[in-house]
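A structural walkthrough
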Amino acid sequence: MNFMGSRSTRRNYGKMRSAVTAVARERIELLLSQAIEILPRDTDLAKRYVGLAQRISTRTKVRIPKDMKHYLCKNCGQPLIPGKNARIRLRSGNSRIIISCLSCGSFRRYPYRKLG
Ligand SMILES: [Zn+2]
């Protein structure tokens, strides 16, 4: 009689991988939302949270969601909050959005899709 089923020793690596991805994604989103929350009080801590989120992203190959990534300054590493430390301009002529960081003055352009 075999009470120790072989099932318990079988490992599903695919499942483990997706668990890592899910945890990483959750942590990235949490870190970024904490960065945004702490920014008005502590800029350096906000930058550290962003840095951590980026490190998790590189290590686990989990991408930071596009709409979040656009609101991180590539130059100074701050989370960008429109109306606080960022300025958003729309160029409807060529469907571009320009996000400027008011802390370091760098800006980035992204194409955007027109609604409708
Ligand atoms: Zn900046």
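First things first, this report covers the structure right here in the doc. (Residues numbered from 1 in each chain as written. Predicted model: local features only at pLDDT ≥ 70, side-chain atom pairs only at ≥ 80, totals over all residues.)

Observations regarding helix 2 (residues 43–60)
Basically, it comes down to this: Working definition: helices are DSSP H or I runs of at least four residues, strands are E runs of at least two. Numbering for both runs from the N terminus. Expected helix span is taken as 1.5 Å per residue step, with the number of steps being one fewer than the number of residues. Every C-beta atom is placed from the backbone, and the number of other C-beta atoms within 10 Å of a residue's own sets its class: buried at 20 or more, exposed at 12 or fewer, partly exposed in between. Each direction from the helix axis to a C-beta atom contributes to the arc, which is the arc of those directions.
Over its 18 residues, helix 2 runs 26 Å from end to end, which matches the ideal 26 Å to within 8%, given 1.5 Å per residue. For helix 2, the complete set of buried residues consists of Ala46, Lys47, Tyr49, Val50 and Ala53. Here the buried residues of helix 2 occupy an arc of 160° about the axis, which is enough to place them on one side. Across from the buried face of helix 2, at angles greater than 90 degrees, the exposed residues are Asp44, Arg55, Thr58 and Arg59. One or two positions beyond helix 2, positive phi appears at Lys61, with a value near 60°.

A short note on the nonpolar core
Note the cut-off: Here, a nonpolar core means buried Ala, Val, Leu, Ile, Met, Phe, Trp, Tyr and Cys residues linked by C-beta atoms lying within 7 Å of one another. C-beta atoms are first placed from the backbone for all residues, and any pair lying within 7 Å is then listed as a contact.
In terms of nonpolar packing, the biggest core is built from 15 residues, with Leu31, Leu32, Ala35, Tyr49, Val50 and Ala53 touching the most fellow members. Of the residues forming this core, the biggest block, 5 residues, is contributed by helix 1 (residues 13–38). Residues within four places of Leu32 in sequence aside, it is in contact with Val50, Ala53, Met68 and Pro79.

With respect to unusual backbone geometry
Look at Lys61: it is not a glycine, yet its phi comes out positive at around 60°. Of note, Lys61 is situated in the loop between helix 2 and helix 3 (66–69). Overall, Lys61 belongs to the exposed group, with 10 C-beta atoms counted inside 10 Å. One non-glycine residue, Ser95, lies in the positive phi region at around 55°.

Here we look at the sheet that holds strand 2 (residues 96–101)
Strand pairing in a sheet relies on backbone hydrogen bonds. The paired strands run either parallel or antiparallel. Under the convention used in this document: Being paired, for any two strands, means DSSP has found at least two bridges between them. To define axes, lines are fitted to C-alpha atoms, for helices over the stretch in contact only, and angles between the resulting N-to-C directions are given on a 0 to 180 degree scale.
Read from one edge to the other, the open sheet built from 3 strands follows the order 1-2-3, with strand pairing classed as antiparallel. Where the open sheet ends on each side, the last strands, each with one partner, are strand 1 (86–91) and strand 3 (107–111). With strand direction ignored, the average angle separating the axes of adjacent strands in the sheet is 20°.

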